[in-house]
Every structure is written in C-alpha cells, then in structure tokens.
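# Survey of secondary and tertiary structure
Read off the chains here:
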Amino acid sequence: MKKILLSVLTLFGLTMSIMATNPVITAMPSLTIAPDAHAAGLGDIGAATNPDLNSQHWNPSKYAFMESKGGITANYTPWLTKLVNDINLAYIAGYYNMGDMAGTISASFTYFDMGDVTLMDWDSNYEGSELGTASPNEWALDVAYSRKLHEYLSMAVALRFLYSDLNNGINMGSSGGGVVMDMYPAWTFAADVSLYYRQPIATPMGESYFALGFNLSNLGGKMTYDEGDTQNFIPANMRLGVSYELPFDDYNRIMISAEANKMLVPTYESKFANDGEGGRYDQTDFSEISSPNGWWQSFCDAPGYDEVDPTTGKHFSASPALEELQEIQWGIGLEYSYNRQFFGRVGYSHENYYKGNRRYVTLGAGFKLSIFSLDFAYCIATAPSNPLDGTMRFTLGFDLAGIKDLVNNKK
C-alpha cells in the first residue's frame, strides 16, 4: 500500500536518538516545545517558577499572583536550525487581572510553521514520486481562568482548540493502481487543570519565597488525519515543579527550581496489547484506546526491554518499572536577578538515553522595566548530533499598567 510520507515528520524524529526504545509518539508534538525565553533559559521549566507573562503554557495558575493589572508577550523561536532554516514557532500570550475576587483571564496563541516540505508517494519497492509541495502548519488557541483559593494558593482551568494541517489539502490519486492514503486537517479540543502554591518565608536577608506548581495539560480528544480510521493521541502531560527564591540583600536575589514532567500517552509496545498478552499494538487496536484509558495506561503499560545496541553491540535492558521511570523528563534551573530588572539564567534539561536522549544546557538573560521586558535564551546540547544545539529564543513583553501610567503622565 502506498502512503503519503511527510518530510517534516522525519525532522521531528531527528530530534530523538536512534536508540530511542518504545518512544512516546503523539500528534502535534509542537505543543511540547518551550515557547518562551524565560523558561527556556532555566532548562525548559516553568510550573513553579516566579509568575510571568508566559505562565499560560507552563501553569496558568501563576497569573493570579501577578502584581500588575495585565500584560502581553510575543515569543519567537527558529526551530531545528541545524537541519533547516524555515521552521519557526511563534507564541503570543496575555492576561488581565479583574481583581482578587473576580480572578484573572488569560489567553495564548501558538503557531508552528513547518516551512515548505515535499510530499512523497512511496511504493513497496521504496520508489517514490513527488505529489507536490505543501506548507504544513499547526496552531492552538486557548483561554484560561485563574483565581486565588487562599492567600498562598491559586488554581486555573484552561480550554484549548488544536488544529494541525500537514499537507494543505494535497491528496493525489495513485498512478499505478495502488492506494494513496488521503490526509485531511485534524483538530480537537483539550483542557488544562493547574495549581500553584507560593508562600513567603522571612529570612535575615529579607523575604524569600517557596513555591510548588502542578499542571495537567492537553487533556482532550484525539486527532485524526484520515477522517477517523487512525486516531492519534495529543501530547497530554503532567508537570510538577518546585522553586525557592532567596534574597541576599535588597537588590540581589537567586532562585533555584526543579521540575519533572511525564507524557500521559500510551506506547505502541505495551503489556496491554494483544488482549493483555503483551507485544506491539497494531494501528487499529491502538486507535481504539480512548483518551482517558490512554492517560491511565501511560503510567503502567511499559513492557520492559532486553535489546542490543546496533551501533555498539552493547546489551541493555530495563524492567517495566524502570522503563516507566525512564519516560520522566526533568530539568533544573538557576536564576540570578539584580533589583528585579537584570536577570541571568542557566538550566539543564534531561531525557533518558533510551527515550530520546534530548539533553542540553540552557543559558538565558533578561532585562525588565516598568513598561517592557526583553529575554533571550540559548541551547547547548550535551548529547552528540542533537539538532536542538544552538536553538535561540526571543521574548518581548509589555506591562499594560506601565503603558497606561506612561500615557497618563504624558497627558
């Protein structure tokens, strides 16, 4: 059977190691990319860090602790620049605080432009013919409501619409009597539920802050590109973080943060496959797993493995419990701030060697005034041949209260 093969899917595969064992595969993987320079400079973490304009992606509950009335931010990331030069991620977010009793409304828009890709029709002899050139893109639009439940605790819920168009409607019939799998734009809805706890703690140097953050994101329906025959999970995720901000004096502060996250998506190699006998799901059975069942199975479906590395000949293995733990990605970050205006950041993100091997150090810097803020982040891969190496992110933010004060003063 002939099938349409999108080059862009290969690009996503290249961000993972060849040795990835039983990887977690989803539709719209762009939703897992850190969109802003603040969090990216800290090792791609943000569930429990200080509230900022880009909290919508990491933990919208943090907006309830924002000191300003409102703000808006724009982010830009050139993606996989080691491989191509026309894939980009754009992210816009903003919030408005309606008051302590009324809560805070926030929203964001994510747009992932995959550049121009060639659609190929491959036959059983691995001979291909060009179907055309498309400009695949994915986008997501969401809105959230957050509110303080207690002086130190807030909660938020978010609703999101997801849309993915991988071939721009280019579906051409087969010339050799074979079958071409037509592809169509896919869409679905999802929701987030999050909590944020932030408590001040008195110290001899001044007031410090301890914070915990929790976010269940992209809990929703599945996506289909062939009008129902194949159902694809979206990247549902559970994120848990902790941070502590300590002042040295009135001007100098340091914040250390740590975070772990796990995809709530089942894998094709599963002990639940083949009527519970274990093995690999076929596409039909995998598509029939409901989203809630998939979330649950993601915690306990790993069958374990016992394999040989084809590149080195080295034997490697893992029990089912160990394989589940290998699916947890974690990061740590350190931020130094001077007078809450100048920021320096460093972080590290770690993914297990057998689950993708995306490991990298991140560096970041920021500058903030009453009206606007500017942030930059840079990625340095520690794993060999990682196309994420050299990734840069840029963030520009505006404080609506600061702009309003400036306009009023000019009057």
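Residues numbered from 1 in each chain as written. Predicted model: local features only at pLDDT ≥ 70, side-chain atom pairs only at ≥ 80, totals over all residues. Heavy atoms only, no water.

## Section: the overall build of the protein chain
Broken down by element type, the protein chain carries eight helices and 21 strands. Long-range pairs, those at least 24 residues apart, make up 62% of the contacts in the protein chain with a sequence separation of at least 6. Of the roughly 19000 Å² that the protein chain leaves accessible, carbon and sulfur atoms contribute 60%. (Helix = DSSP H or I, 4+ residues; strand = E, 2+ residues; numbered from the N terminus. Contact = heavy atoms within 4.5 Å. Areas by Shrake-Rupley, 256 points an atom, 1.4 Å probe, with all protein chains shown as cover.)

## Here we look at unusual backbone geometry
For asparagine 218, which is not glycine, the phi dihedral falls at a positive 60°. By the secondary structure assignment, asparagine 218 is in strand β10 (residues 206-220). For asparagine 218, a relative accessible area of 6% translates into the label buried. Located in the positive-phi region is asparagine 357, a residue other than glycine, with phi close to 60°. Looking at the element boundaries, asparagine 357 is found in the loop between β18 (342-350) and β19 (360-368). (Buried < 20%, exposed > 50% of the residue type's maximum accessible area, 1.4 Å probe, protein only.)

## Details of the packing of aromatic side chains
In this structure the tally under the stated criterion is 20 aromatic pairs. Seen in terms of ring centroids, phenylalanine 109 and tryptophan 139 are 5.9 Å apart; in terms of plane orientation they differ by 40°. Their pairing is tilted. With phenylalanine 109 in strand β4 (residues 104-113) and tryptophan 139 in strand β7 (residues 137-148), the pair connects residues that are 30 residues apart, well separated along the chain. The exposure class assigned to tryptophan 139 is partly exposed, which follows from its relative accessible area of 23%. Between tryptophan 139 and phenylalanine 161, the ring centres sit 5.5 Å apart and the planes meet at 50°, which makes this aromatic pair tilted. Of this pair, tryptophan 139 sits in strand β7 while phenylalanine 161 sits in strand β8 (residues 153-165), and the two are 22 residues apart along the sequence. Residue classification places phenylalanine 161 among the partly exposed positions, given a relative accessible area of 22%. Stacked on the ring of tyrosine 209, the Lys or Arg arginine 198 has its end atom at 3.9 Å from the ring centre. Above the face of the phenylalanine 233 ring, lysine 222 is positioned so that its terminal group lies 4.3 Å from the ring centre. (Phe/Tyr/Trp six-rings, centres within 6.5 Å; stacked < 30°, edge-to-face > 60°. Lys NZ or Arg CZ within 6 Å of the ring centre and 35° of its normal.)

## Some remarks on a nonpolar patch on the surface
A contiguous nonpolar patch, built from Ile72, Ile92, Phe109, Tyr111, Leu141, Leu374, Leu396, Phe398, Leu400 and Ile403 and spanning about 780 Å² of accessible area, is present on the exposed surface. Listed by contribution, the elements that provide at least two residues to the nonpolar patch are β4, β21 (392-399) and α8 (400-410). Examined against the element boundaries, leucine 141 turns out to sit in strand β7. (Patch = residues over 30% accessible without salt bridge, like charges linked within 9 Å, V, L, I, M, F, W, Y side chains within 5 Å. Salt bridge = Lys/Arg side-chain N within 4 Å of Asp/Glu carboxyl O.)

## Notes on the confidence of the model for the protein chain
Atomic detail in the predicted coordinates should be set aside for any region of low pLDDT. A residue-level look at the protein chain finds 88% of positions with pLDDT of 70 or above and a mean pLDDT of 87. For residues 1-18, every residue scores under 50 in pLDDT, and the model assigns this stretch 54 contacts once sequence neighbours within four places are set aside. In this model residues 173-179 is a low-confidence stretch, pLDDT under 50, and it forms eight contacts with partners more than four residues away in sequence or in other chains. (pLDDT = per-residue confidence, 0-100.)

## Section: a negative patch on the surface
A cluster of acidic residues, Asp275, Glu277, Asp282, Asp285 and Glu288, forms a negative patch on the protein surface. When you line up the elements, aspartate 275 lands in helix α4 (residues 273-276). (Lys, Arg positive; Asp, Glu negative; His and termini not counted. Charge placed at Lys NZ, Arg CZ, Asp CG, Glu CD.)

## Focus: the pairing of strand β17 (residues 328-338)
Alternating residues of β17 divide into Gln329, Gly331, Gly333, Glu335 and Ser337, all buried, and Ile328, Trp330, Ile332, Leu334, Tyr336 and Tyr338, none buried. Note that strand β12 (residues 252-263) and β17 share 11 bridges and pair antiparallel. Each residue of the ladder has a partner; that of isoleucine 254, found in β17, is tyrosine 336. The pairing of β17 with β18 spans nine bridges and is classified as antiparallel. Across the sheet, residue leucine 334 finds its bridge partner in β18, namely valine 346. Joining the antiparallel neighbours β17 and β18 is a turn of three residues, in which asparagine 339 adopts a positive phi near 60°. (Pairing = 2+ DSSP bridges.)

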